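# Reading the structure
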Amino acid sequence: MSAQLIEGKKISDSIREEIKAEAERLKGEGVTPGLVVILVGEDPASQVYVRNKAKACEQLGYYSEVVRLPAETTQQELLSLIARYNEEAKVHGILVQLPLPKHIEEKAIIDAIAVEKDVDGFHPESVGNLMIGDDTLLPCTPAGVIELLKRTGNDPAGKHAVVIGRSNIVGKPVAMLLLRENATVTICHSRTPNLPEISSQADILVAAVGVPKLVKKEWIKPGAVVIDVGVNRLPDGKLCGDVDFDDALQRAGWITPVPGGVGPMTITMLMANTLRAAKRSLA
Ligand SMILES: NC(=O)c1ccc[n+]([C@@H]2O[C@H](COP(=O)([O-])OP(=O)(O)OC[C@H]3O[C@@H](n4cnc5c(N)ncnc54)[C@H](OP(=O)(O)O)[C@@H]3O)[C@@H](O)[C@H]2O)c1
Ligand SMILES: Nc1nc(=O)c2c([nH]1)NC[C@@H]1CN(c3ccc(C(=O)N[C@@H](CCC(=O)O)C(=O)O)cc3)CN21
Ligand SMILES: [Mg+2]
């Protein structure tokens, strides 16, 4: 048996076509969606993502700015910049690339972003809205995961979903979205003692851990849908996920590759959020 591939790149390309058509329509009404990405310091992985985001903006005809700041930038300088973009009408979405240098308090920065421009969905008000089921901008990676499931006919409703990882940017929000889609959700983390046992009960397994190839064949229920959020750089420079892909292929029913799975969807969902924020600015 060999799992079916969930082709995130392909699915993401077709969603980008839909977004592009919508963006053209909005431009006809005089609004060009605009995104600013702010990068502090020189983290090489961040550089790649920032470049991919700028490329996507170009492809969709968005207005885009990338602000690269030195690692020594102070928290106050960053806050002032955000205050400026909160007021800037051309910009509908503000993304500050995480992680930030240690001397900057991430929470202070996220809190400072105007909630209507919070295209990451990380602001406490956005998180609260997601939690209570109100209409809000959804965090991109979790929204991408749900979109991948739906577009491959893997509706989460009634399924047991196991999420490994509880970060604020992936684990917790993806669990909340799966719950909203009527899955029964189990969240695991570094203090979960019997991880393989719980994991192997999952109809839908989401790995968002940051440990290369952690998830082995024995952790997977035969036929399960495996969504690998991990993007890890190996010493040889290659990318790999949190799932041992070759191993999992023999057991899973569906699986996302890394690269080419969740990553491209994250960027596409960012583009969708920016479009949404731009549309709302009209109302
Ligand atoms: N594809 C994308 O678009 C995308 C987007 C974001 C992140 N990522 C990738 O996804 C991965 C996770 O990112 P993140 O930001 O969520 O990471 P994070 O903030 O480091 O969180 C990792 C989570 O995994 C748990 N964990 C760590 N080691 C574990 C272990 N051995 N067993 C069980 N749980 C363990 C941690 O538990 P504790 O809470 O107990 O510490 C934590 O909850 C990374 O590889 C990252 O690069 C990809
Ligand atoms: N503010 C903020 N928002 C985010 O969504 C975010 C961060 N910060 N910091 C880093 C993480 C990691 N994220 C991402 C986003 C896209 C890819 C991505 O495009 N991955 C491609 C390969 C890229 C490569 O070649 O390195 C893939 O196919 O998986 C990966 C991680 C987004 N994340
Ligand atoms: Mg983190």
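Residues numbered from 1 in each chain as written. Chains lettered and ligands numbered in written order. Predicted model: local features only at pLDDT ≥ 70, side-chain atom pairs only at ≥ 80, totals over all residues. Heavy atoms only, no water.

## A closer look at the site of ligand 1
Around ligand 1 sit 21 residues, and of these Arg 166, Ser 167, Ser 190, Val 229 and Thr 266 come closest. Between ligand 1 and the protein, one listed contact pairs an oxygen atom with a side-chain N or O atom of Arg 166 at 2.8 Å. Compared with its free state, where it exposes 920 Å², ligand 1 has 68% of that area covered by protein. The element contributing the most residues to the shell around ligand 1 is helix α10 (residues 262-282), with three residues. Its residues assigned to classes, the shell around ligand 1 comprises ten nonpolar, ten polar and one charged. (Near = heavy atom within 4 Å. Polar contact = N/O pair within 3.5 Å; in protein donor to acceptor, adjacent residues only side chain to side chain. Areas by Shrake-Rupley, 256 points an atom, 1.4 Å probe, with all protein chains shown as cover. Helix = DSSP H or I, 4+ residues; strand = E, 2+ residues; numbered from the N terminus. Nonpolar A, V, L, I, M, F, W, Y, C, P; charged D, E, K, R; others polar.)

## A short note on the UniProt feature "domain: Tetrahydrofolate dehydrogenase/cyclohydrolase NAD(P)-binding" (unreviewed entry) in the protein
In the numbering used here, UniProt assigns the feature "domain: Tetrahydrofolate dehydrogenase/cyclohydrolase NAD(P)-binding" (unreviewed entry) to residues 139-281. Here residues 139-281 is 36% helix and 17% strand, with 19 Å between the C-alpha atoms at its ends. (UniProt positions renumbered as here; feature names shortened; annotations may be inferred.)

## Considerations on helix α1 (residues 8-28)
Note on helix geometry: an α-helix contains 3.6 residues per turn, so any two residues three or four positions apart are oriented the same way. Relative to the 30 Å expected for 21 residues at 1.5 Å per residue, α1 spans 30 Å between its end C-alpha atoms, a close match to the ideal helical length. Buried within α1 are the following residues: Gly 8, Ile 11, Ser 12, Ile 15, Arg 16, Ile 19, Ala 23 and Leu 26. Angularly, the buried residues of α1 cover 135° about the axis, an arc narrow enough to put them on a single face. Exposed residues lying more than 90 degrees from the buried face of α1 are Lys 10, Glu 17, Arg 25 and Gly 28. On the buried face of α1, the contacting elements are α2 (44-60), α6 (140-151) and α10. (Expected span 1.5 Å × (residues − 1). Buried < 20%, exposed > 50% of the residue type's maximum accessible area, 1.4 Å probe, protein only. Arc of directions from axis to C-beta. Contact = heavy atoms within 4.5 Å.)

## Concerning the UniProt feature "binding site: NADP(+)" (unreviewed entry) in the protein
The residues that UniProt annotates with the feature "binding site: NADP(+)" (unreviewed entry) are Gly 165, Arg 166, Ser 167 and Val 231. Within the element layout of this structure, Ser 167 appears in the loop between β5 (160-164) and α7 (171-180). Contacts of Ser 167, omitting those with residues within four sequence positions, involve Lys 172 and Pro 173. Polar side-chain contacts of Ser 167 include one of 3.0 Å to the backbone nitrogen of Val 170.

## Topic: the site of ligand 2
Close to ligand 2 lie 17 residues, the nearest being Tyr 49, Val 96, Leu 98, Asp 120 and Gly 260. Take Gln 97: an N or O atom from its side chain is 3.1 Å from a nitrogen atom of ligand 2. One of the side-chain nitrogen or oxygen atoms of Asp 120 is found 2.6 Å away from a nitrogen atom of ligand 2. Protein chains bury 84% of the 670 Å² of accessible surface belonging to ligand 2 in isolation. Taken together, the elements giving at least two residues each to the shell around ligand 2 come down to α2, β4 (93-96) and α10. Looking at which element gives the most residues to the shell around ligand 2, the answer is α10, with four residues. When grouped by side-chain class, the residues that make up the shell around ligand 2 number ten nonpolar, five polar and two charged.

## What about the packing of α6 against α10?
Between α6 and α10, the least distance of the axes is 8 Å, while the angle of their chain directions is 110°. Between α6 and α10, the interaxial angle falls into the category roughly perpendicular. On α10, the residues that touch Cys 140, Thr 141, Ala 143, Gly 144, Val 145, Glu 147 and Leu 148 of α6 are Val 262, Met 265, Thr 266, Met 269, Leu 270 and Asn 273. Broken down by class, the residue content of the contact of α6 with α10 amounts to eight nonpolar, four polar and one charged. (Axes fitted to C-alpha atoms, helices over the stretch in contact; angles between N-to-C directions. Parallel < 35°, antiparallel > 145°, perpendicular 65-115°, else oblique.)

## Overview of the sheet that holds strand β11 (residues 254-255)
Sheets are built from strands that pair by backbone hydrogen bonding, the pairs being arranged parallel or antiparallel. With respect to topology, six strands assemble into an open sheet ordered β1-β11-β8-β7-β5-β6, the strand pairing being parallel. The sheet terminates laterally at β1 (4-5) and β6 (184-188), the two strands that pair on one side only. Here strand β8 (residues 225-228) runs beside β11; their pairing, made up of two bridges, is parallel. Paired with Val 225 across the strands is Trp 254, a residue of β11. (Pairing = 2+ DSSP bridges.)

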